[in-house]
Structures are given as C-alpha cells and as structure tokens.
Amino acid sequence: MSLEETEINVGGTKFKGAHIAVVLAFVSTISGGIWATSEFFSRVGVLEDTVAEMQANIPDLAPLEVELEAIKTKIEDNDLGHLQGKLAELSTLLTTIQARQQEVLNEAAESNAKVITMEKDWIEIRNEYKKMADAIKGFEDSVERFKKEVDDLWKGLDAASSPLG
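Here is a short report on the structure shown in this document. (Residues numbered from 1 in each chain as written. Predicted model: local features only at pLDDT ≥ 70, side-chain atom pairs only at ≥ 80, totals over all residues. Heavy atoms only, no water.)

Section: the overall build of the protein chain
Quick reminder of the rule: A run of H or I in DSSP counts as a helix once it spans at least four residues, and a run of E counts as a strand once it spans at least two, with each numbered from the N terminus. To get the radius of gyration, use the C-alpha atoms; to get the globule rule, take the number of residues to the power 0.38 and multiply by 2.2 Å. Each residue gets one of three labels from its accessible area relative to the maximum for its type: buried under 20%, exposed over 50%, partly exposed in between, using a 1.4 Å probe on protein chains only.
Within the protein chain, the secondary structure is distributed over three helices and two strands. Put simply, the protein chain runs from its N terminus to its C terminus through helices and strands in the order β-β-α-α-α. Here the C-alpha radius of gyration of the protein chain, 63 Å, is well above what a compact globule of 165 residues would show, namely 15 Å. In terms of principal-axis extent, the alpha carbons of the protein chain reach across some 205 × 60 × 25 Å. In the protein chain, which comprises 165 residues, the proportion classed as buried is 1%.

As structure tokens, then:
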C-alpha cells in the first residue's frame, strides 16, 4: 500500500494519501511557528522583567552628579592649569639646583685635593726648616768653638808675651 493509494473517509469526504501528507506538513509547520512565537514572547517577557528589576536596582545618580559638579568647581577654583605651570617651573628649578649642587661638589673635591697638596708642601717645608735649624745650630756650635779657640789662643799669646805675669 502506497501513499497514493491510501484514502481516509472523514464525514463522507474522501481524502487521498498525498493530500493527507500535504495537510499534515502544513499543520505541523503552523504548529511549529505557533510554538516558536510563544517561546519568543515568553523570552521577551523574561527580558522585560529582568530589565525592570535592573532599573529598580540602579542607584540614584543625582547625588553623584552633584558631587561631580562640586569637584569641577573645586578644580576650577584651584586653577590646576596654573598649578601645573608652577609644577613645571619647580621641576626646572630643581634641575638647576641639582646641577649647581654637582658643581659645588666638584669644586669641593678640587679644594680638598688642593688642601691635601698644601699639607704635603707644608710638611716638606717644615722638614726643610728643621734641617736648616739643625744646620744653623751646628754652625752656631762651630762658631762658639771657634771663638773659644780664638780666645784660648789670645790667652796663650798673652801668657807667652808676659811669662811672669
């Protein structure tokens, strides 16, 4: 028995198998469309409920807007643009101070080196002075011995020129 040979009798009307297949396909398509539409509207309803719930949970933004306005006013009152200019000027001054400090440190190192050199020179001069002082002392001692010898010679001549007296 094939689909073309099948017949159904409903209320005195005969339906052939091909007609039944077409009607069943048409009815199932319409049923699927109705079900899909129902599912779509159900999901839309759930989304609407979710959006409504989220809107209820969103805090009031008015206090934040007031606070933002207050911050904007403070920024304008403090003139932050001017303060940034001052900050740039301070940065330049700090850079200049650092450079000058480095110069001072370099000059201090040079001065320290000069002081060390002068100390060495002073020690050499002092040692030379001691040598000279020792030499002068030796010379003075020699002069004293020479004077004593000359005096002794004069006394000897005086004694030789007058043996009795």
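Comments concerning the pairing of strand β1 (residues 7-10)
The test is simple: At least two DSSP bridges between two strands are required for those strands to pair.
Inspection of the sheet shows β1 paired to strand β2 (residues 13-16) by four bridges, in the antiparallel sense. Pairing of Val-10 across the sheet is with Thr-13, part of β2. Once β1 ends, the chain turns through two residues before running back antiparallel as β2, passing Gly-11 with a positive phi of about 60 degrees.

Some words on the packing of aromatic side chains
Selection rule: Ring pairs shown here join Phe, Tyr and Trp side chains whose ring centres sit within 6.5 Å, with only the six-membered ring taken for Trp; geometry is labelled stacked below 30 degrees between planes, edge-to-face above 60, and tilted in between.
All told, the structure shown has one aromatic pair when counted by the stated rule. Seen from their ring centres, Phe-40 and Phe-41 are 5.6 Å apart, and the 70 degrees between their planes marks the pair as edge-to-face. Like Phe-41, Phe-40 is exposed.

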